[in-house]
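Each chain is listed here by its residues.
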Amino acid sequence: MPLDRRSLRVIAFRGLTLTIILFIILVLTAVIMGATGYDTVILNAVIHEQVRAFREELSKPGSPYTPEEREKMVREYREQLLSVYGLDKPWYLRTMSLIPKVLVLDLHVTHDEVAGVLGLRRPLGAGDAIAVALPRTILMITLAYVLSAIIAVPLGPYIAYKRGSVLDKSVITYAAITNAFPVWWIAMLSVFLFGFYLGIAPSSYRPIVAHISRFSDSLLSLNFSGALTALRDVLYFSYIPILVVTFAVLGGWLYSARAVAIRVVSEDYVMAARAKGLSEGTVVRKYIIRVIAGPILTFVILGLAGSIGGFIITETVFDWPGMGLLYYVSISAGDSPMVLALVYVTTLVYLVARFILEVLYVILDPRVKL
Amino acid sequence: MSSRRAVKENPLIVILRSARGLLREIITYNMGRVGLVILAFMIVMSIYSLTTLPGDFPSKWRYATEPPWIYNPKMAKPEWVRYLGIDVSKTSIYSNLRPQDSRIILIPEDIGRIAPEYVKAMGIKKLLPFGYVEVYRVNYNLDVNDYAQDVLVIFEVKASENVNLSRIKMNVLMLLTRPDGLVLEVGEESFPLDKIRLVKIDHGAFSLQYIDYFNLTITLEEMKSAYYIAVFGEPRAGGREFARLPGEYQVTLILAYTGIDPREIAKMFGEGSLRVNVEIRVLGNSYGLLGTDNVGRDLFQGVLFGFPVALAIGFLVALATVMIGLVLGVISGYFGGRVDEVIQRLVDVIVNVPLLPLLILVGVAIQTRGWAGWPAMAILMFIIVVFSWGGVAIVTRSMALSIKSEQYVEAAKAIGASTSRIVFRHIIPQLIPYTMAVLVFSVPGAIIAEAGLSVLGIDHGLPTWGRILADAQANRGIAYNMWWWILPPGLLLGFFSFAFVALGFTLETIVEPRLRRR
């Protein structure tokens with residue numbers, strides 16, 4: 001379908017707005033990181049510790065330096081560290097200078113802790129760190145979202161159609177319960193129940209890293225039997241997290257899909273279609289499914305896009321080294337470049353998904369063309 | 001005009017009446033009933049919490065290695081699991097004890113008259129105790145196949161000002177008569193009365209006697225690692241293993257006061273110018289309603305504190321969020337133009353801001369600055385409010401837009417009604433049902449977010465449900481064997497939240513007729 005000029009203008013305007021939003025969010029994050037002085041405090045502690053270690057190293061018995069030389073070296077070392085961490089500049093220069101770099105992901109992990117959580121070492125580019133963490137989050141959370149979508153997209157409208165039935169009531173109760181209990185608490189409970197009490201699942205999920213890399217290594221070297229055993233280990237380490245996230249997410253999705261469908265099911269034109277004597281199949285296909293497809297597609301796509309940011313708390317509870325844990329460790333270690341890179345990537349993916357949806361609306365829905 | 005005035009009622013009564021009507025309607029729904037019952041429970045528990053817990057409870061909870069927590073058993077299960085047939089020893093507290101015997105002892109043989117178990121345990125070779133001697137005895141029935149954790153003696157000294165406490169020395173001897181007839185000297189301490197200490201089972205006091213008595217082949221060092229198992233058990237295989245020894249235990253406490261003339265001490269006790277309150281605690285593996293954590297903190301008290309905090313924070317944050325959203329949404333929808341544009345772009349930004357990372361960031365900042373307690377909590381809640389009103393504003397704006405073009409609004413405008421009158425009399429009242437539903441839905445949000453932040457290790461210093469779960473997560477190695485640590489706070493969070501979800505669903509059904517069942 002060719003786009004007329006007006007539609008193009010609408011799309012361009014939305015694209016521009018979303019870009020500005022992304023930029024504002026980045027600046028806002030940088031300002032909050034800088035103005036609260038949170039990274040300064042953490043970085044000063046880090047530098048203090050390194051300087052202390054350096055001084056101890058120099059003061060070992062048999063060191064060839066005089067106390068004056070030693071003091072000078074320590075001072076130079078401290079200054080060098082200050083400039084490495086950017087503490088010799090005021091916070092707005094330090095954090096704002098990161099923003100142009102983050103747009104092309106030209107940033108590096110500045111803390112060993114952050115690299116360590118991924119099982120890697122510095123020097124490590126922010127993009128590489130994300131490239132390592134992302135597949136693990138996709139394995140746990142995005143996969144769970146896909147499972148939820150597969151179940152909820154057909155089932156939600158179905159129960160809306162069967163409103164008031166036992167199935168409908170139980171689904172609503174289930175949605176209310178999963179809405180009420182935080183996912184991370186269900187995660188804690190599952191570690192307690194399946195990991196410690198029943199012993200049918202791991203109690204710490206960190207080893208998943210080794211199994212995933214073993215799997216990809218043996219797949220690349222065409223060692224299929226090795227890949228199969230590695231896959232079995234990956235499954236053993238991932239089935240509980242996947243099930244927990246699916247269990248927690250599914251309720252909300254069922255409820256949303258049902259809510260979207262209920263509004264349509266009770267519309268006058270659906271009743272009119274039935275009154276015209278159209279078969280129930282035709283009514284469902286042409287008058288209900290066609291209308292609810294758009295909104296349902298919207299929340300499925302936005303949900304999938306949002307999922308790549310990971311579940312920060314749940315991943316921490318499982319000790320699952322994906323995007324969420326990377327996020328958390330970066331923040332708590334005061335690794336501002338990495339924090340900014342993560343905010344950038346996750347927000348970018350989400351906003352791009354929104355943009356794509358809005359373009360689709362403009363193309364598919366004639367009413368949007370203002 | 002005057003007759004209209006007369007009809008006009010007190011607005012408070014109108015509100016109360018409509019609230020009663022709403023309540024009646026909520027009760028007709030199952031979900032609504034469940035929500036109301038849980039909410040009522042939460043309110044009752046909050047009142048109970050506010051009236052029973054001391055004002056300095058948060059700081060008490062924070063200093064985990066100080067009284068009262070050190071007087072409790074550690075990692076103790078809830079007491080009621082005993083009634084489920086689980087073998088777990090009880091914790092018995094014997095307070096306000098009176099000495100069973102007291103006399104002045106000057107020759108060692110005399111101790112046998114008031115405490116024959118002393119002679120049985122140690123013979124009469126030792127010189128202790130002499131002076132003014134008191135004997136306390138309590139019985140503890142270890143009625144299940146389990147060990148006990150410890151025996152504690154807590155002293156409290158009260159004296160009139162003319163008594164010089166530093167001159168009076170208290171010599172404490174703790175003896176334990178076991179079901180098998182063996183009497184062990186399990187504790188021995190001496191200190192002046194102005195520096196009283198907690199007395200506990202001391203492996204050094206009995207290890208030699210124990211090894212001798214049972215002819216064990218283990219070393220003193222090996223005894224040390226599991227002393228309470230030795231005290232409340234029978235050695236097997238030369239002391240490599242132990243079997244539990246249930247039955248009647250008797251704790252004998254011999255207090256000998258020395259340092260000054262014993263007759264003077266007797267006189268002080270007699271006239272009441274010196275009083276020593278003795279409390280003996282036999283710590284079992286169960287305690288209280290919800291057990292204790294790894295440092296002996298009473299989890300029931302901790303959980304109890306969470307009730308008013310959850311309700312207050314939930315309501316305040318939800319109210320602030322919804323009010324801001326309502327006001328800005330209506331302004332945006334009603335006035336339109338540039339104001340609308342600015343507010344809409346603001347909404348665009350805040351609904352896309354990753355809130356949790358931002359909260360963590362601010363939380364870490366607060367923590368590194370060493371802020372704790374209510375100010376820290378207030379900052380976090382402020383951030384939640386600032387970044388959460390967007391959704392409400394979007395909906396109220398579109399509702400205000402459609403109401404604005406209704407004929408009665410046009411009519412009001414035509415007869416010269418002021419903007420504020422139109423907004424407050426015609427638009428906002430129509431939005432109240434919707435905002436009520438959103439308000440109810442968003443009550444749990446703040447406390448769930450707080451709990452999540454706590455679990456991540458951001459410590460605001462208040463004992464909330466999230467904080468208790470956070471402690472469990474921080475001690476995950478042991479906490480994951482303690483269901484009574486993980487389950488109650490999480491269940492309460494869930495029930496709390498479920499109550500409002502259920503009420504929200506119900507309100508939504510009431511205010512949105514299309515959702516009603518046919």
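Before any of the text, the structure's been laid out above.
Residues numbered from 1 in each chain as written. Chains lettered and ligands numbered in written order. Predicted model: local features only at pLDDT ≥ 70, side-chain atom pairs only at ≥ 80, totals over all residues. Heavy atoms only, no water.

This part is about the overall build of chain A. Helices and strands together make up the secondary structure of chain A, namely 16 helices and zero strands. For chain A, whose C-alpha radius of gyration is 26 Å, the value lies well above the compact-globule estimate of 21 Å for 370 residues. Put simply, chain A has 370 residues, and 47% of those count as buried. Within chain A, contacts between residues separated by at least 24 positions form 73% of all contacts whose residues are at least 6 apart in sequence. Taking the 33 positively charged and 26 negatively charged side chains of chain A as two groups, their mean positions are separated by 13 Å. (Helix = DSSP H or I, 4+ residues; strand = E, 2+ residues; numbered from the N terminus. Rg over C-alpha atoms; globule rule 2.2 N^0.38 Å. Buried < 20%, exposed > 50% of the residue type's maximum accessible area, 1.4 Å probe, protein only. Contact = heavy atoms within 4.5 Å. Lys, Arg positive; Asp, Glu negative; His and termini not counted. Charge placed at Lys NZ, Arg CZ, Asp CG, Glu CD.)

All right, on to the sheet that holds strand β4 (residues 150-159) of chain B then. Residue and element names in this part refer to chain B. The strand order across the open sheet built from three strands is β1-β10-β4, with neighbouring strands paired in antiparallel fashion. Two strands in the sheet have a free side with no partner beyond their single neighbour: β1 (92-94) and β4. Recorded for the sheet is a direction-independent mean angle of 15° between the axes of neighbouring strands. (Pairing = 2+ DSSP bridges. Axes fitted to C-alpha atoms, helices over the stretch in contact; angles between N-to-C directions.)

What follows concerns the packing of helix α11 (residues 299-335) of chain B against helix α14 (residues 374-386) of chain B. All names here are of chain B. One can describe the packing of α11 onto α14 by two numbers: an axis separation of 10 Å at closest approach and a directional angle of 35°. Both α11 and α14 take part in a crossing whose hand is right-handed. Along the contact surface, α11 presents Phe305, Val309, Ile313, Val317, Ala320, Thr321 and Ile324, while α14 presents Trp374, Met377, Met381, Ile384 and Val385. Grouping the amino acids of the contact of α11 with α14 by side-chain chemistry returns 11 nonpolar, one polar and no charged. (Left-handed = near helix turned anticlockwise from the far one by under 90°. Nonpolar A, V, L, I, M, F, W, Y, C, P; charged D, E, K, R; others polar.)

Residues and elements named next belong to chain B. Under the definition given, this model contains 34 aromatic pairs over all chains. Ring plane angle 55° and centroid distance 4.9 Å describe the contact between tyrosine 210 and phenylalanine 214, whose orientation is recorded as tilted. Here the residue tyrosine 210 and the residue phenylalanine 214 both occupy positions in helix α7 (residues 203-214), the gap between them amounting to four residues, near one helical turn. A relative accessible area of 23% means that phenylalanine 214 is categorised as partly exposed. An angle of 75° between the planes, with centres 6.1 Å apart, marks the rings of tryptophan 465 and phenylalanine 496 as edge-to-face. (Phe/Tyr/Trp six-rings, centres within 6.5 Å; stacked < 30°, edge-to-face > 60°.)

Turning to the side chain of threonine 137 of chain A, a few remarks are in order. All names here are of chain A. The residue threonine 137 is located in helix α7 (residues 126-161) in this model. Under the relative-accessibility criterion, threonine 137 is labelled buried at 0%. Within the local environment of threonine 137, its side chain forms a polar contact with the side chain of glutamate 315, the two groups lying 2.9 Å apart. Not counting chain neighbours up to four residues away, the residues in contact with threonine 137 comprise Thr142, Ser307, Ile308, Gly310, Glu315, Trp320, Gly322, Met323 and Gly324. (Polar contact = N/O pair within 3.5 Å; in protein donor to acceptor, adjacent residues only side chain to side chain.)

Here we come to the pattern of salt bridges. Oppositely charged side chains may form a pair once their charged atoms are brought near each other. Evaluated as defined, the whole model comprises 23 salt bridges over all chains. For the salt bridge of aspartate 319 of chain A with arginine 206 of chain A, the shortest nitrogen-to-oxygen distance reads 2.8 Å. Of this pair, aspartate 319 of chain A sits in the loop between α14 (312-318) and α15 (323-333) while arginine 206 of chain A sits in the loop between α9 (183-197) and α10 (208-220), and the two are 113 residues apart along the sequence. Two residues, arginine 281 of chain B and glutamate 279 of chain B, come together in a salt bridge whose shortest N-O distance is 2.6 Å. Because the salt bridges share partners, they merge into one network encompassing Arg62, Asp293, Arg297, Asp459, Arg467 and Asp471 of chain B. (Salt bridge = Lys/Arg side-chain N within 4 Å of Asp/Glu carboxyl O.)

Viewed as axis vectors pointing N to C, helix α8 (residues 166-180) of chain A and helix α20 (residues 483-511) of chain B meet at an angle of 135°, and their least axial separation amounts to 8 Å. Between α8 of chain A and α20 of chain B, the interaxial angle falls into the category oblique. Considering how the two elements wind past one another, α8 of chain A and α20 of chain B form a crossing that is right-handed. Between α8 of chain A and α20 of chain B, the residues in contact are Ile172, Thr173, Ala176, Ile177, Asn179 and Ala180 of chain A and Leu493, Gly494, Ser497, Phe498, Val501 and Phe505 of chain B, respectively. Split into classes, the residues belonging to the contact of α8 of chain A with α20 of chain B amount to eight nonpolar, four polar and no charged. (Parallel < 35°, antiparallel > 145°, perpendicular 65-115°, else oblique.)

A word on a nonpolar patch on the surface. All names here are of chain A. On the surface, Leu297, Leu348, Val352, Ile356, Leu360 and Leu364 cluster together into a nonpolar patch covering about 500 Å² of accessible area. Ranked by the residues each element gives to the nonpolar patch, the list is headed by helix α16 (residues 336-364), at five residues. Following the sequence through the fold, leucine 297 ends up in helix α13 (residues 280-307). (Patch = residues over 30% accessible without salt bridge, like charges linked within 9 Å, V, L, I, M, F, W, Y side chains within 5 Å. Areas by Shrake-Rupley, 256 points an atom, 1.4 Å probe, with all protein chains shown as cover.)

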